[in-house]
Amino acid sequence: MTVAIASLSSGIGVAVYIAIVSALYKKNLKDGLAVLGNISVGGAIERVTNFADKVTMLSENGVKSVIVPMDNLNELSNVPPIVLGNTDVPFYQNNQMLVQKAILLD
């Protein structure tokens, strides 16, 4: 089961972006995945608000990996250690890194 969270405001949520890329290339997303963030039309990645709370909530609901914008890296220390022990939290800084971390490659 794949989980994706997006906040649609001034751009497209990265969950929507990664779903479109996945469908176009006919590739599956990694199991137990959540992606956080927003991407502008120009490709700028926006940081996530309430980062630690979102990662904790997703982990408590069975998510195995939460892909997060690099701008949230300095907030990683706010995530409880038990959550980091149960959930992988890779970071991305552009759309290419996001695709590499979210889509299963053959």
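All figures in this text were calculated on a predicted structure; none of them were measured in a lab.

Colleague: How would you explain the overall build of the chain if you had to name every residue and give the values?
Modeller: Within the chain, the regular secondary structure consists of four helices and six strands. Reading the helices (α) and strands (β) of the chain from amino to carboxyl end gives β-α-β-β-β-α-β-α-β-α. Residues classed as buried in the chain amount to 40% of the 106 residues present. Across the chain, contacts joining residues at least 24 apart in sequence account for 66% of those joining residues at least 6 apart. A total of about 6,000 Å² of accessible surface is found on the chain, and carbon and sulfur atoms cover 55% of it.

Colleague: A description of the packing of helix H1 (residues 14-25) against helix H4 (residues 95-102) should follow, citing residues and the corresponding values.
Modeller: Viewed as axis vectors pointing N to C, H1 and H4 meet at an angle of 70°, and their least axial separation amounts to 11 Å. Compared by their axis directions, H1 and H4 come out roughly perpendicular. The handedness of the crossing between H1 and H4 is right-handed. Contacts between H1 and H4 pair Val14, Tyr17, Ile18 and Val21 from the former with Asn95, Leu98, Val99 and Ala102 from the latter. Broken down by class, the residue content of the contact of H1 with H4 amounts to seven nonpolar, one polar and no charged.

Cut-offs used in this document
- Residues numbered from 1 in each chain as written.
- Predicted model: local features only at pLDDT ≥ 70, side-chain atom pairs only at ≥ 80, totals over all residues.
- Heavy atoms only, no water.
- Helix = DSSP H or I, 4+ residues; strand = E, 2+ residues; numbered from the N terminus.
- Buried < 20%, exposed > 50% of the residue type's maximum accessible area, 1.4 Å probe, protein only.
- Contact = heavy atoms within 4.5 Å.
- Areas by Shrake-Rupley, 256 points an atom, 1.4 Å probe, with all protein chains shown as cover.
- Axes fitted to C-alpha atoms, helices over the stretch in contact; angles between N-to-C directions.
- Parallel < 35°, antiparallel > 145°, perpendicular 65-115°, else oblique.
- Left-handed = near helix turned anticlockwise from the far one by under 90°.
- Nonpolar A, V, L, I, M, F, W, Y, C, P; charged D, E, K, R; others polar.

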